[in-house]
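# Descriptive analysis of the structure
Below, each chain spelled out in residue letters.
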Amino acid sequence: MLDTFAQQAMNYIALLIMVIVVIALITIAVLYVIDSTQNTQAIRRNYPVIGRFRYFFEHLGEFFRQYFFAMDREEMPFNRAMRTWVYKAAKNIDLTIAFGSTRNLRVTGEPLFLNSAFPTLDEDATESGSLTIGPDCKTPYHAPSFFNISGMSYGALSRVAIQALSHGAKKAGCWVNTGEGGLSPYHLEGGCDIVFQIGTAKYGVRDSKGNLSHTKLKELAAIEQVKMFELKLSQGAKPGKGGILPAEKVNTEIASIRGIPVGEASISPNRHKDVANNEQLLELIAAIRETTGKPVGFKAVMGDPAWLEELCRLITVKGNAYAPDFISVDCAEGGTGAAPQPLMDYVGLPIRESLPLLVDTLKEFGLRDRIKVIASGKLVNPGAVAVAMATGADFAVSARGFMFALGCIQALQCNKNTCPTGITTHDKKLQKGLDPTVKSERVANYHYHLIKSVETIAHSCGVRSARMLEREHVRLVTENGFSRPLSLIHPEKVVFVETPKKHTNKSKETL
């Protein structure tokens, strides 16, 4: 009887294999006819069926390169070594390494910190305390942390991702920038400090015609969690181009928050229609500050230095009342969910040029104490943040660093609504893998370890806190493989314009 059962099973298996083979042959025949008669892809027409594997392997290529072929320091935009540090920090596991660094110390532009013969003892070290932004505003902001979460919109990011960032930021004691997509309930949910970003489409603060609504500004300013307002002029990954939110991500809730039609692609103007020159920019900043009573600044990618000099010169003429309370400087290394490749690849200055340009120009015009500087652009690891602080930044912000903390694997599918980790998708099946409770802890852990590591670098250089790092503590590798002091590559400028100084907060002040 057992032999009979086995024989029947073998017969069924043989029949199943025959059916599969027949179906496969029919499928191949159909694909052959389709491929050989279509006229849109030459590879498929010349090599029917077989040509399809080219596109399949091309799709798999980025994943194989990431996990099997790329060395630890090769991959772009963030190599495996950079991502691994964030993953370990977020999971609160051992951050030490053995044997030796894999970092190439001969690459042009790489920073080297100058350790002191007498580093700061642990008992002598001090924490980098809070720093006040907009001290003359009705409601100044005493920012507790020098490292914060950069602009990421609800819409570009999923609900669960925003929830995790909000709760994580509250635990970490840092701010979350809303991005240009407006203020969602999920930003508020965790109770963290919030910087509201006003994009070129005025999402969240627009009237029925798309113009800035001061009524809505007042409503937002009345929310205690909203600490500052940031006018976005341009973004590092797409200077000269507005934000892009694909139609499949514009659901009913997002459309309501932004004030746009459901199911239609949301493309912001490439600049604010009511800001065509520096005069109008300063007038708008002053108007928003008057309406909200809170600090107001702007975010921009540095381009022509003449523009920045003209802006500073105009501020000295109009007076400090018209000056921005802060400037967020973004750069060519910036990221986004969707942007034209020519803009992402070719437009804008990198952070190593744009940050010292901004800091030195503000000093030259006597505005450095008045205007705080926030650095943005690929600042995900302690070394990059420490260099930014030494160059003159008061704060550093990161978006992709915190995305890695949430579990981002750099799948490069942010613009396709197919993010496998649930961070940049509104597909609920994919979102279920992101638990906001767990990920909020990882956000806080990443923030803690990055701050601690930057402070460790500062102590090694012989200073008591990160805010005391200066350019003299850093050397940059040059073309010949040897390094030069950052203080010689970007020498400090002397002030030639005297302006009234009502603000006593030094940008390097440690409270």
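What counts, and where the lines are drawn
Per chain, residues are indexed from 1 in the order of the written sequence. The predicted nature of this model means local features are confined to residues of pLDDT at least 70 and side-chain atom pairs, given and counted, to a pLDDT of 80 or more, with totals for whole chains, interfaces and linings taken over all residues. Only hydrogens and water are removed before side-chain values are computed, so all heavy atoms of the structure are retained for them. UniProt positions are given in the numbering used here, feature names are shortened, and annotations may be inferred rather than shown by experiment. Numbering goes from the N terminus for both helices and strands, where a helix is a DSSP run of H or I of at least four residues and a strand is a run of E of at least two. Only protein chains enter the calculation, and the probe is 1.4 Å; a residue is then buried if its accessible area is under 20% of its type maximum, exposed if over 50%, and partly exposed in between. Whether two residues touch is decided by their heavy atoms; if any such pair falls within 4.5 Å, the residues are in contact. Every accessible area reported is derived by Shrake-Rupley at a probe size of 1.4 Å, with residue values counting cover from the shown protein chains alone. Where helices are involved, their axes are fitted lines through C-alpha atoms of the stretch in contact, as for all axes, and angles between N-to-C directions lie from 0 to 180°. An angle below 35 degrees is read as roughly parallel, one above 145 as roughly antiparallel, one from 65 to 115 as roughly perpendicular, and any other as oblique. Left-handed describes a crossing whose near helix is turned anticlockwise from the far helix by less than a right angle; the clockwise case is right-handed. Charged means Asp, Glu, Lys or Arg here, nonpolar means Ala, Val, Leu, Ile, Met, Phe, Trp, Tyr, Cys or Pro, and polar covers whatever is left, Gly included. By definition here, a salt bridge exists when the distance from a side-chain nitrogen of Lys or Arg to a carboxyl oxygen of Asp or Glu is within 4 Å. Between the first and last residue of a helix there are one fewer steps than residues, each counted as 1.5 Å, and that sum is the expected span. A 3.5 Å cut-off defines polar contacts: any pair of N or O atoms within that distance qualifies, except that in protein one atom must be a possible hydrogen donor and the other a possible acceptor, and neighbouring residues in sequence count only when both atoms are side-chain atoms. Here the rule is simple: two strands pair whenever DSSP picks up at least two bridges between them. A crossover counts as right-handed when, viewed with the strands pointing away from the observer, the path leading from the first strand over the helix to the second turns clockwise.

The protein chain goes by FMN-binding glutamate synthase family protein in an unreviewed UniProt entry, where it is assigned to Saccharophagus degradans. Its UniProt record, at the heading Sequence similarities (unreviewed entry), says of the protein chain: "Belongs to the glutamate synthase family."

Each helix and strand counted, the protein chain has 17 helices and 15 strands in total. A burial count over the protein chain gives 50% of its 511 residues as buried. Pairs at least 24 apart in sequence give 69% of the contacts found in the protein chain among residues at least 6 apart. Roughly 24,600 Å² of accessible area belongs to the protein chain as shown, and the carbon and sulfur atoms make up 59% of that amount.

Let us look at the packing of helix α13 (residues 382-391) against helix α16 (residues 436-460). Angle between the axes and distance between the axes: these two values describe a pair of packed helices. Where α13 contacts α16, the two axes come as close as 9 Å, and the packing angle between them is 60°. The pairing of α13 with α16 is recorded here as oblique in orientation. By crossing handedness, the relation of α13 to α16 is classed as right-handed. Taken together, the residues of α16 that come into contact with α13 (itself represented by Pro382, Gly383, Val385 and Ala386) are Leu450, Ser453, Val454 and Ile457. Here the residues of the contact of α13 with α16 are counted per class, giving six nonpolar, two polar and no charged.

Once that is clear, we can look at the pattern of salt bridges. All told, the structure shown has 13 salt bridges when counted by the stated rule. For Glu279, the salt bridge is made with Lys318, and the minimal N-O distance between the two is 2.8 Å. Taken together, the residues Glu279 in helix α9 (residues 278-292) and Lys318 in helix α10 (residues 305-318) connect sequence positions 39 residues apart. A salt bridge links Asp330 to Lys299; its shortest N-O distance comes to 3.6 Å. Highlighted residues: Asp330 in strand β11 (residues 326-330) and Lys299 in strand β10 (residues 296-301), separated in sequence by 31 residues. In this structure, Asp330 and Lys299 share a single accessibility class: buried. Taken together, the shared-partner salt bridges in this structure form one network comprising Glu279, Glu283 and Lys318.

Moving on to helix α12 (residues 351-364). With 14 residues, α12 extends 19 Å from end C-alpha to end C-alpha; this agrees with the ideal 20 Å at 1.5 Å per step. Looking only at α12, the buried set comprises Ile351, Ser354, Leu355, Pro356, Leu357, Leu358, Val359, Asp360, Thr361, Leu362 and Glu364. Residues of α12 that are buried make contact with α10, β11, β12 (372-376) and α13. Directly after α12, the chain includes Gly366, whose backbone phi takes a positive value near 70°.

In the numbering used here, UniProt assigns the feature "transmembrane region" (unreviewed entry) to residues 12-34. With 100% helix and 0% strand, residues 12-34 has end C-alpha atoms that lie 33 Å from one another.

A separate point is the side chain of Ser234. Examined against the element boundaries, Ser234 turns out to sit in the loop between β7 (226-232) and β8 (244-245). A relative accessible area of 13% places Ser234 in the buried class. Reaching out from Ser234, the side chain makes a polar contact with the backbone nitrogen of Val301 at a distance of 2.8 Å.

Glancing now at the environment of Ile28. With respect to the helices and strands, the residue Ile28 is situated in helix α1 (residues 2-37). Since its relative accessible area comes to 43%, Ile28 is described here as partly exposed. Note: C-alpha distance between Ile28 and Ile50 (22 residues apart in sequence) is 9.8 Å.

It is worth spelling out the pairing of β7 at this point. Summarising burial for β7: seven of the seven residues are buried, a large majority. Across five bridges, strand β6 (residues 193-198) lies against β7 in parallel orientation. Of the residues in β7, the one forming a bridge with Gln197 is Glu230. Chirality of the crossover, the property in question, places the unit of β6, helix α7 (residues 214-221) and β7 among those that are right-handed. With four bridges connecting them, β7 and β10 associate as parallel partners.

The next subject is α9. Taking 1.5 Å of rise per residue, the 15 residues of α9 would be expected to cover 21 Å, and the 21 Å separating its terminal C-alpha atoms lies within 8% of that figure. Buried within α9 we find Asn278, Leu281, Leu282, Leu284, Ile285, Ala286, Ile288, Arg289, Thr291 and Thr292. Those residues of α9 that are buried are in contact with β6, α7, β7, β10 and α10. For α9, the N-terminal cap is Asn277; the gap from its side-chain oxygen to the backbone nitrogen of Glu279 is 3.2 Å. Looking one or two residues past α9, Gly293 carries a phi angle of roughly 75°, positive in sign.

Let us now look at the sheet that holds strand β14 (residues 474-477). The antiparallel open sheet is built from three strands, whose spatial order is β1-β14-β15. Each edge of the open sheet is held by one strand with a lone partner, namely β1 (111-113) and β15 (483-485). Across the sheet, the mean angle from the axis of one strand to that of its neighbour is 35°, orientation sign disregarded. In the sheet, β14 pairs with β15 via three bridges, with the strands oriented antiparallel. Among the inter-strand pairings, Leu476 is bridged to a residue of β15, identified as Arg484. Here α13 sits on the sheet and contacts β1 and β14; the angle it forms with β1, its principal contact strand, is near 80°.

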